[in-house]
Amino acid sequence: MKMLVVAHLVLVGVWFGCVLTEALFERALLGKGREQELILVGLHKRVDLMVELPALIGVLVTGSMLLASAGASLFLHTKIAFGLLAILANLYCVWLVFRRAKAATTGDWAQFETLDHLQHKWGAVVLVGILMALGLGVSLLVNA
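Residues numbered from 1 in each chain as written. Predicted model: local features only at pLDDT ≥ 70, side-chain atom pairs only at ≥ 80, totals over all residues. Heavy atoms only, no water.

In this section: the environment of Val 61. Here Val 61 is to be found in helix α2 (residues 34-67). Spatially, the C-alpha atoms of Val 61 and Gly 31 are 37 Å apart, while their sequence positions differ by 30 residues. (Helix = DSSP H or I, 4+ residues; strand = E, 2+ residues; numbered from the N terminus.)

In structure tokens:
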């Protein structure tokens, strides 16, 4: 059980770190010209596929396994709700990242801008969801 908690926290850390890293390279490359934005969309897609999605799936799997042996409480259900919000928002963001990449590679820069705006709004939801779920989860561990 303890190893499962550790695995879950490591995967949450990888996922959270990935979200922060993506925010940094978005900030570094976005608005620096179309060539840089083409690099950005390719980089963001690769990170989503190779790091973010596997970590997110790992968080969902380990979280589900932990839930099987957890006592039900409003606090736990609130943590789960924030975690699921972050996961669902992140899956939507991945879809937006791929749509934005297609818009960029086809030269549809108006669509790129629209999707970029949406992606950043939902990315904030992901970040808040992760932070809330992580904070509540740590509190559950400390008070266990």
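Past the structure itself, the notes keep going.
With 28 residues, helix α1 (residues 2-29) extends 41 Å between its outermost C-alpha atoms, agreeing within 8% with the 40 Å of an ideal straight helix rising 1.5 Å per residue. Where α1 is concerned, the buried positions are Leu 4, His 8, Val 12, Trp 15, Phe 16, Cys 18, Val 19, Glu 22, Phe 25, Glu 26 and Leu 29. Contacts from the buried residues of α1 go to α2, α3 (74-105) and α4 (109-142). At the exit of α1 stands Gly 31, carrying a positive phi of roughly 80 degrees. (Expected span 1.5 Å × (residues − 1). Buried < 20%, exposed > 50% of the residue type's maximum accessible area, 1.4 Å probe, protein only. Contact = heavy atoms within 4.5 Å.)

This part is about the packing of α1 against α2. In the contact formed by α1 and α2, the axes pass within 9 Å of each other and the chain directions differ by 160 degrees. The angle between α1 and α2 places the two elements in the roughly antiparallel class. For the element pair α1 and α2, the recorded crossing hand is left-handed. By residue class, the composition of the contact of α1 with α2 is 20 nonpolar, six polar and five charged. (Axes fitted to C-alpha atoms, helices over the stretch in contact; angles between N-to-C directions. Parallel < 35°, antiparallel > 145°, perpendicular 65-115°, else oblique. Left-handed = near helix turned anticlockwise from the far one by under 90°. Nonpolar A, V, L, I, M, F, W, Y, C, P; charged D, E, K, R; others polar.)

The geometry of an aromatic ring pair is captured by two quantities: the separation of the ring centres and the angle between the planes. Taken as a whole, this structure holds three aromatic pairs when the rule is applied. Each ring, one from Trp 109 and one from Phe 112, has its centre 5.0 Å from the other, and the planes form 65 degrees; the classification is edge-to-face. Pair noted here: Trp 109 and Phe 112 are both in helix α4, with a separation of three residues, about one helical turn. Members of the aromatic cluster, each reached through a chain of ring pairs, are Tyr 92, Trp 95 and Trp 122. (Phe/Tyr/Trp six-rings, centres within 6.5 Å; stacked < 30°, edge-to-face > 60°.)

Read these as layout, nothing more, since geometry by itself doesn't imply function.
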